[in-house]
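Summary of the model geometry
The lines below spell out each chain.
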Amino acid sequence: VAEIALAHRVGMQQSLKIRSCQQLDEHEQELKQLHIEHMEASRPEDKEDILKKIPDPAQFNEDLQRLLFDDLVPAWKHMDVAGQLDRVGHIVRWQAVLLSV
């Protein structure tokens, strides 16, 4: 999550992989409740290291919500069916590549 916010801050193009608008609608409230302080890591010390790199967690959370709900989610919802299918095709191809390695 920290890498996503950093990439956004430095101007890297972001995209969101969503299986369907229905899933997005089903989980929208959960996404709105995301807070970096409540995230989990495979090891507790990883979480501590991540949190140490974020000087202002409240600002980070605000930036993350803005990124999700002002940029990424609207872009997906306003994409036509052809655009969504193109995105899904990219995801399927990458998964096939990863599985073949």
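Figured I'd write up the structure that's included with this text. This structure is a prediction, so every number in the text was calculated from the model and none was measured. Within any chain, residue numbers begin from 1 and follow the written order of that chain's sequence. With the structure being a predicted model, the display of local features is reserved for residues of pLDDT at least 70 and the display and counting of side-chain atom pairs for 80 or more, all residues being used for whole-chain, interface and lining totals. In computing side-chain values, all of the structure's heavy atoms are included and hydrogens and water are not.

Helix numbering and strand numbering both begin at the N terminus, where a helix is a DSSP run of H or I of at least 4 residues and a strand a DSSP run of E of at least 2. Of regular secondary structure, the protein possesses five helices and zero strands. Each residue is placed in one exposure class: buried if its accessible area under a 1.4 Å probe, protein chains only, is under 20% of its type's maximum, exposed if it is over 50%, and partly exposed if it falls in between. For the protein, the residues scored as buried account for 22% of the 101 residues in total. Residue burial considers only the protein chains on display, and all accessible areas are found by Shrake-Rupley using a 1.4 Å probe. Accessible surface, the protein as shown: approximately 7700 Å² in total, 56% of it carbon and sulfur.

So, about the side chain of Glu28. Inspection of the secondary structure puts Glu28 in helix α2 (residues 21-32). Exposure remark for Glu28: the relative accessible area of 18% places this residue in the buried category. Not counting the four nearest positions on each side in its chain, Glu28 is found in contact with Phe69 and Lys77. The criterion used for residue contact is that any of the two residues' heavy atoms lie within 4.5 Å.

Right, let's talk about the pattern of salt bridges for a bit. Every case where a carboxyl oxygen of Asp or Glu lies within 4 Å of a side-chain nitrogen of Lys or Arg is listed as a salt bridge. A full pass over the atoms with the stated rule returns five salt bridges. Between Asp46 and Arg43 there is a salt bridge, and its shortest N-O distance comes to 2.7 Å. Assessed through its relative accessible area of 22%, Asp46 is described here as partly exposed. For Arg66, the salt bridge is made with Glu62, and the minimal N-O distance between the two is 2.9 Å. Placement of the pair is Arg66 and Glu62 together in helix α4 (residues 57-77), with a separation of four residues, close to one helical turn.

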